[in-house]
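Residues per chain, in single letters:
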Amino acid sequence: MTTIEKAPSQALAEPPRGRLAALAPYTSVLRIVGGVLTLVGAFLPWATFVLNDGPYPEGATLEFFSEPFGVSGFRLHLVLLGLASIVVALVPVAAKGRIVRGFGWGVIAISIVNGLYITVEGGGFGAITASDGTAAFGAFVALVGGVVLVVGATAGGIDPPTHWDLKLGRVVEWLILLVAYAIVLLLVAAVLTSGGQGGAANPFSGAVFLSFLGAVGGAIAGLHASGLLGWIARMSERHRIYSVIVLLLAALALPLTSAGTEYWMTVAANIGVYAATAIGLNIVVGLAGLLDLGYVAFLGIGAFVAANLSGAAASVVGIELPFPLVLVIAAVVAGCFGAVVGSPTLRVRGDYLAIVTLAFGEIFVRSAQNNIGGLTGGSNSIPNIPPVELFGKGFNESVTIGALNLPSGVLYYVLIVLIVAAVMWVFGNLKNSRLGRAWIAIREDEDAARAMGIRTGPIKILAFLIGAMLAGFAGAFFAHKLGTASYESFRFLESVTLLAAVILGGMGTIPGAVLGASVLFVLPEKLREFADYRLLLFGLALVLIMRFRPQGLVPDAHRRAELAPESEAPPDHPDDGPAGGTTVKAAAT
Amino acid sequence: MLSTLLSQIVNGLVLGSLIGLIALGYTMVYGIIQLINFAHGEVFMVGAYGALAMFTYLLPTFIQQQWYFALPLLLIAGAVVSVGVAVAMERFAYRPLRNAPKLAPLITSLGVSIALQEVIRVFYPGATAAIPFPNIFIPGTWTISVGDGVVPIKYSGILLVVVALVLAYALNMFVERSRMGRAMRATSQDRDVARLMGINPDRVIVLTFALGALLAGIGGVLYGGFYTNINIDIGFQNGIFAFTAAVLGGIGNIRGAVVGGLAIGLIKSLAGQYMPGGSAYDYVWIFVVLIVVLVFRPQGFFGETERVRA
Amino acid sequence: MTFLEVRDLTVAYGAIQAVRGVTFTVEQGQIVSLIGSNGAGKTTTLRTISGLLRPVSGEVLLNGKPIHQLPAHEILGLGVAHSPEGRRLFARMTVEENLRLGAYTRTDEAGIREDIDRVYDLFPVLGERRRNKAGLFSGGEQQMLAIGRALMSRPKLLMLDEPSMGLSPIMTQKIFSTVRELQSEGTTVLLVEQNALAALALSDHAYVIDLGRTTLSGTGHELLADHRVQEAYLGEGVAS
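Bear in mind that the values here come from a model prediction, so they are computed numbers and not experimental data.

With that settled, the discussion passes to the overall build of chain C. On a plain count of helices and strands, chain C comes out with eleven helices and ten strands. By the compact-globule yardstick of 18 Å for 240 residues, chain C fits well, its C-alpha radius of gyration being 17 Å. Taking the intrachain contacts of chain C between residues at least 6 apart in sequence as the baseline, contacts between residues at least 24 apart amount to 66%. Here chain C has roughly 8800 Å² of accessible surface; of this, 51% comes from carbon and sulfur atoms. Each charge class in chain C was averaged separately, 24 positive and 27 negative side chains, and the resulting centres sit 6 Å apart.

The subject of this paragraph is the overall build of chain B. The number of helices and strands found in chain B is twelve helices and four strands. Since a compact globule built from 310 residues should have a radius of gyration of about 19 Å, the 19 Å found for chain B is in line with a globular shape. Taking the principal axes of its C-alpha atoms as reference, chain B extends roughly 60 × 50 × 35 Å. Counting all 310 residues of chain B, 61% fall into the buried class. Looking at chain B alone, contacts between residues at least 24 apart form 74% of all its contacts between residues at least 6 apart. Here chain B has roughly 11500 Å² of accessible surface; of this, 66% comes from carbon and sulfur atoms. Each charge sign in chain B was given a centre, from 18 positive and 12 negative side chains, and these centres are 7 Å apart.

Residues and elements named next belong to chain A. Checked against the element boundaries, Ile442 lands in helix α14 (residues 434-444). Residue classification places Ile442 among the buried positions, given a relative accessible area of 5%. It is 8.5 Å that separates the C-alpha atoms of Ile442 and Ile454, two residues lying twelve residues apart in sequence. In this view, Ile442 contacts Ala288, Ala449, Ile454, Thr456, Ile459 and Lys460; residues no more than four positions away in its chain are not counted.

A pair can form between side chains of opposite charge whenever their charged atoms are brought close. Going through the model one piece at a time under the given rule, you end up with 28 salt bridges over all chains. Of the charged contacts, one joins Lys102 of chain B and Asp351 of chain A as a salt bridge, the two residues approaching to 3.0 Å between their closest N and O atoms. Taken together, the residues span two chains, with Lys102 of chain B in the loop between α4 (67-94) and α5 (103-123) and Asp351 of chain A in helix α12 (residues 350-369). Lys102 of chain B gets classed as partly exposed once you look at its relative accessible area, which sits at 37%. A relative accessible area of 9% means that Asp351 of chain A is categorised as buried. For Glu444 of chain A, the salt bridge identified is with Arg443 of chain A, shortest N-O distance 2.9 Å. Residue classification places Glu444 of chain A among the partly exposed residues on the basis of a relative accessible area of 43%.

Attention now goes to the confidence of the model for chain C. Model confidence for chain C is summarised by a mean pLDDT of 89, while 98% of its residues fall at 70 or above. Both confidence scores are given for the complex: pTM 0.86, ipTM 0.91.

On to the pairing of strand β2 (residues 16-26) of chain C. Residue and element names in this part refer to chain C. Where strand β1 (residues 4-13) and β2 come together, eight bridges link them in antiparallel fashion. The partner of Tyr13 across the bridge, within β2, is Ile16. Hairpin geometry of β1 and β2 is characterised by an intervening segment of two residues between the two adjacent antiparallel strands and by a positive phi of about 60 degrees at Gly14.

Our focus in this paragraph is the confidence of the model for chain B. Within chain B, residue pLDDT values average 90, and 97% of them lie at 70 or more. Low pLDDT, under 50, characterises residues 305-310 of chain B; the stretch is placed with twelve contacts to residues that sit more than four places away or in other chains.

With that settled, consider the side chain of Asn253 of chain B. Residue and element names in this part refer to chain B. With respect to the helices and strands, the residue Asn253 is situated in the loop between α10 (234-249) and α11 (254-274). Here Arg255 takes part through its backbone nitrogen, which lies 3.1 Å from a polar atom of the side chain of Asn253. Among the polar contacts listed, one links the side chain of Asn253 to the backbone nitrogen of Gly256, at a separation of 2.9 Å.

Moving on to the packing of helix α3 (residues 96-122) of chain A against helix α6 (residues 205-226) of chain A. Residues and elements named next belong to chain A. Where α3 contacts α6, the two axes come as close as 7 Å, and the packing angle between them is 175 degrees. With respect to each other, α3 and α6 are oriented roughly antiparallel. Note on element contacts: α6 touches α3 through Gly206, Ala207, Leu210, Ser211, Gly214, Ala215, Gly218, Ala219, Ala221, Gly222, Ala225 and Ser226, opposite Arg98, Ile99, Gly102, Phe103, Gly106, Ala109, Ile110, Val113, Asn114 and Tyr117.

Between its terminal C-alpha atoms helix α10 (residues 296-308) of chain A stretches 18 Å, which fits the 18 Å expected from 13 residues at 1.5 Å a residue. The element α10 of chain A is extensively covered by neighbouring structure, given that 13 of its 13 residues are classed as buried.

Residues and elements named next belong to chain B. Applying the stated criterion across every chain yields a total of 31 aromatic pairs over all chains. Directly above the aromatic system of Phe92 lies the positively charged group of Arg91, at a separation of 5.7 Å from the ring centroid. Residue placement shows Lys154 over the ring face of Phe226; its charged tip is 4.8 Å from the ring centre.

All names here are of chain C. The strand order β2-β1-β4-β5 describes an open sheet built from four strands, whose pairing is antiparallel. Because the sheet does not close on itself, it has two edges, and the strands there are β2 and β5 (65-66). Of the pairings in the sheet, the one linking β1 to strand β4 (residues 57-62) comprises five bridges and is antiparallel in character. From the neighbouring strand, Val6 faces β4, where its bridge partner is Val60. Against the sheet, helix α1 (residues 42-49) contacts β1, β2 and β4, and its axis sits at roughly 110 degrees relative to β1.

As a further point, take the environment of Val244 of chain A. Locating Val244 of chain A in the fold gives a position in helix α8 (residues 240-252). With 216 residues separating them along the chain, Val244 of chain A and Lys460 of chain A place their C-alpha atoms 30 Å apart.

It is worth spelling out the environment of Thr172 of chain C at this point. Within the secondary structure layout, Thr172 of chain C lies in helix α7 (residues 169-184). Sequence-wise, Thr172 of chain C and Gly140 of chain C are 32 residues apart; in three dimensions their C-alpha atoms are separated by 8.0 Å.

The next thing to look at is the interface of chain B and chain A. Each partner contributes to the interface: chain B provides 42 residues, whereas chain A provides 41 residues. Among the residues chain B hides against chain A, the three largest losses belong to Ile107, Ile114 and Ile291 of chain B. Together they make up 13% of the total. At the boundary of chain B and chain A, one finds two salt bridges. In this structure, the connection of chain B to chain A is made through five residue pairs in polar contact (both at pLDDT 80 or more). Of all the elements in the fold, those that place two or more residues in the side of chain B that touches chain A are α5, α10 and α12 (282-296) of chain B. Looking at which element gives the most residues to the side of chain B that touches chain A, the answer is α5 of chain B, with 15 residues. Here the side of chain B that touches chain A is composed, by residue class, of 35 nonpolar, four polar and three charged.

Below, the discussion takes up the packing of helix α3 (residues 95-102) of chain C against helix α4 (residues 109-122) of chain C. Residues and elements named next belong to chain C. It is at 10 Å that the axes of α3 and α4 come closest, and there the two elements cross at 125 degrees. Here α3 lies oblique to α4, going by the angle between them. Here the hand of the crossing between α3 and α4 comes out right-handed. Seen from α3, the contacting residues are Val95, Glu96, Leu99 and Arg100; seen from α4, they are Glu109, Ile112, Arg113, Ile116, Val119 and Tyr120. Grouping the amino acids of the contact of α3 with α4 by side-chain chemistry returns six nonpolar, no polar and four charged.

When a protein is soluble and globular, its nonpolar side chains tend to lie buried together. Core analysis: the largest hydrophobic core is formed by 220 residues, its most contacted members being Leu293 and Trp439 of chain A together with Leu24, Phe38, Tyr49 and Ile199 of chain B. Sort the elements by how many residues they give to this core and helix α1 (residues 2-33) of chain B lands first, with 14 residues. If sequence neighbours within four positions are ignored, Leu293 of chain A has contacts with Ala354, Thr357, Leu358, Phe492, Ser495 and Leu499 of chain A together with Phe38 and Leu110 of chain B. Grouped together as the second largest cluster of nonpolar side chains are 47 residues, Phe137, Leu160, Ala206 and Leu224 of chain C included.

Conventions and cut-offs
Residues numbered from 1 in each chain as written. Chains lettered and ligands numbered in written order. Predicted model: local features only at pLDDT ≥ 70, side-chain atom pairs only at ≥ 80, totals over all residues. Heavy atoms only, no water. Helix = DSSP H or I, 4+ residues; strand = E, 2+ residues; numbered from the N terminus. Rg over C-alpha atoms; globule rule 2.2 N^0.38 Å. Contact = heavy atoms within 4.5 Å. Areas by Shrake-Rupley, 256 points an atom, 1.4 Å probe, with all protein chains shown as cover. Lys, Arg positive; Asp, Glu negative; His and termini not counted. Charge placed at Lys NZ, Arg CZ, Asp CG, Glu CD. Buried < 20%, exposed > 50% of the residue type's maximum accessible area, 1.4 Å probe, protein only. Salt bridge = Lys/Arg side-chain N within 4 Å of Asp/Glu carboxyl O. pLDDT = per-residue confidence, 0-100. Pairing = 2+ DSSP bridges. Polar contact = N/O pair within 3.5 Å; in protein donor to acceptor, adjacent residues only side chain to side chain. Axes fitted to C-alpha atoms, helices over the stretch in contact; angles between N-to-C directions. Parallel < 35°, antiparallel > 145°, perpendicular 65-115°, else oblique. Expected span 1.5 Å × (residues − 1). Phe/Tyr/Trp six-rings, centres within 6.5 Å; stacked < 30°, edge-to-face > 60°. Lys NZ or Arg CZ within 6 Å of the ring centre and 35° of its normal. Buried area = accessible area lost by both parts, 1.4 Å probe. Nonpolar A, V, L, I, M, F, W, Y, C, P; charged D, E, K, R; others polar. Left-handed = near helix turned anticlockwise from the far one by under 90°. Core = buried A, V, L, I, M, F, W, Y, C linked by side-chain atoms within 4.5 Å.

As structure tokens, then:
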């Protein structure tokens, strides 16, 4: 007979260092060497001859010798990242390793993007190694520098980002936030315009854009590690309303920046349409957890309603109503369809519901394609929808206010920013309301929610109804902005894209859908060289996101646990069954 | 007219057999890992292209001209390509998500579906448009005179129906009688206990994907032979039909998938002939049927209620 | 050499540690029981031994060799059969199919046939209804089938999780006498039971698991006599 007494075994968390542990004593040296290599790489030539499509941007060719220290473009970014790494390595700051690692990845991205582009466009390694006896090892040296930075940073151990507790006076914090959002605005404008519009005249725009993205990403990773971004985020959380107003103003100020061209206004307006729709979908999928694979139909319904009420020649209804009224009608009609599509949720759940929504989406597309009731124009679409007008001013015209001359499309941009803001406001309020909590409860466990007295049926239909209304709203805008409404814009692939926007951004979060839609629409615009591979990359991206970051870019705090992979499924049964008292007695006899 | 009706029924049965063949893959995969594998339609499409590629680029002319040489070779090529693709996608896309929440594999399957379609569109020469498919069976049509008209039956259609039914029967025997089939059923009923029986679920799941792909690849070749050309959209379109068929028959049920497929084929051809709107709306009627079935009898014709996932 | 040794096992479901420091040994030919209250971690321990769960730390040694990193289907091949809690039969398959699944890893058709007949001898009711679906059976019959299924792999170690759960007293006795019979034929049995009295009376050795830890151990009779065990697990059944 023994009594076993034992303390619970406690697993001690070892600082994870892995294979790089041997390098730990040399971290500082490695970081400085990496920084220096990056600087050297920036000042070396990157191409050995002028490429067929013209000189590689920022004088990366041999011509650079004519102006050796006039670094600009990606070489300037390398210089900045390299210097910053050296400074961080020498100065005592917290979370050094993480900061330098961010910078290092930025350097790697820049050197790979530019090196690859020069190689591919120049027709082989000769473009960056040797030609006519001249070597251009800039890309290699910078790449090695970046790798050394990352290795040096990781070997010293990666601390979590620093947490700043500093609190300042209200006015000071407001000023800081104002500056921060102004910087964000300029950064967005710079990212959008970097490399300019792609095309035959500007063959390297994709490279410049990707390289810039790498530089910005590296810098942001470093700043995040330093704790600055977290500090500002908490500050904006403290001044919520102020932040929202400033952010809205910043969005409205985009036309005043370098991105204020007709082209970018159009792209931004399209992003806005899909962002608003994606927010609606986010209610259905992200909050209520009901997968909808035919969601773009509601955008289409909104668009066709608006087209028919616009006075366009092809419309059968033939009445013209003022735009605000059209917006409301489109939203209401789409909402009604949403309720219809949502009604099977009373009986159908999970995967089967996804199929039902897909079926509704297909029915919509087929019907629209066949010009059902003459309402959709069929394959001719409904063309010549007049632009929105207000006080006699067409929204497609350019605007001149005093000396300020704004391109056409600006008014649509302003309108869609306001619409998206309104939709975000609706979403934010819903999420934190009684209804939102009911949706989340249904998402987590429908049976439990019902057991707690939530009337799940109507509430699920309400999710579809509200989501569809938001999409219909966006659809009405879409029809007027585009000038045509065609079934081609509302196919299954668009539904998948919307779903991808929601997932990429982060399900159930307010900025998630906007962020996701922006990424999914900006990238194809900027990378037109790859237009042929766009869908292929999109499909692969879906697979990779689900594998490596299913929670999206901005994970929802609630949702995080749910989408994290489980190590083992919990047991189906409670650990042990009920005690059988009678059995004990009987067995004893 | 009777001959029209009979012709449409023949069309419906041919299409229905094909859809049933694809539906078997959906129903087995769903039965075992509860995943709607949207990419399964693409597996069918890839099989057709794989066979076409072999015919165009590998077969010498004298074999191309003899259907009894070409047909088996094409069937094998289609099956091999489809099985290869399906096994690879199970291994690299779905297996890592085995314990992930259900949404993740579903969206992954959408991604795989898009990617497969695009791989063919971008890399297969000429795939941006429909490509003619070689005639791989006795060409010609058997015509039956009925009253005032004729009912044409293509020989390749007869081949499709016969092969589909034979394969479905063989699959049913395999699942019901063989040791591996028993392991498949066990894994679909209770994966943990199946492991306790010494069954390796990963192997069973990969086998399930492979079997479904085998049928789909063969289906792809027969599709090409019957419809005489293929394009990259055939996978998604027929895939959706096949999924509908699987649900209609009761998901997880082999007989159900075949019956469901025949029902879908008949609905499409008869609705296209007789319903208002004509063939432009045949598609719509299938989805209407799908919705009605899912709402009112989600377990399908043959599904057992206990098997239905609420 | 010790047949089965479980050393300082810790198992967690996510952040929740269901087992934190279970240690025990099973010698060849013994009947060993794990007893304890609801949620003590007994089922989790068995699921870890059979490979359904991975331990966070600790070891499971079979004949001195660690098996806790092996997948479940390989552990069965080493001679460990696990009849899970709640029986978990393949309800939509026949009795015979269930038994054949138990023998999944074997390929000797004659031997399988022989063993199926042996199970029918052991539990004649199964033989009478061999073509019936397992889901239609009563609790006791299902338990017989579950044990029979576990025996089909000819295990060296048979792990039974709550074989008496939900059974009538007569059926419970029948099951336990079968367990003793199996022992006499040379099978080692690891038993998890809530019916502590019956289990202890049967066992060569037993361990008490409480809150995920082994707290007491001894022969079955020692534990039956221990007042802590009597108070906590036997209740008034023996006190009277």
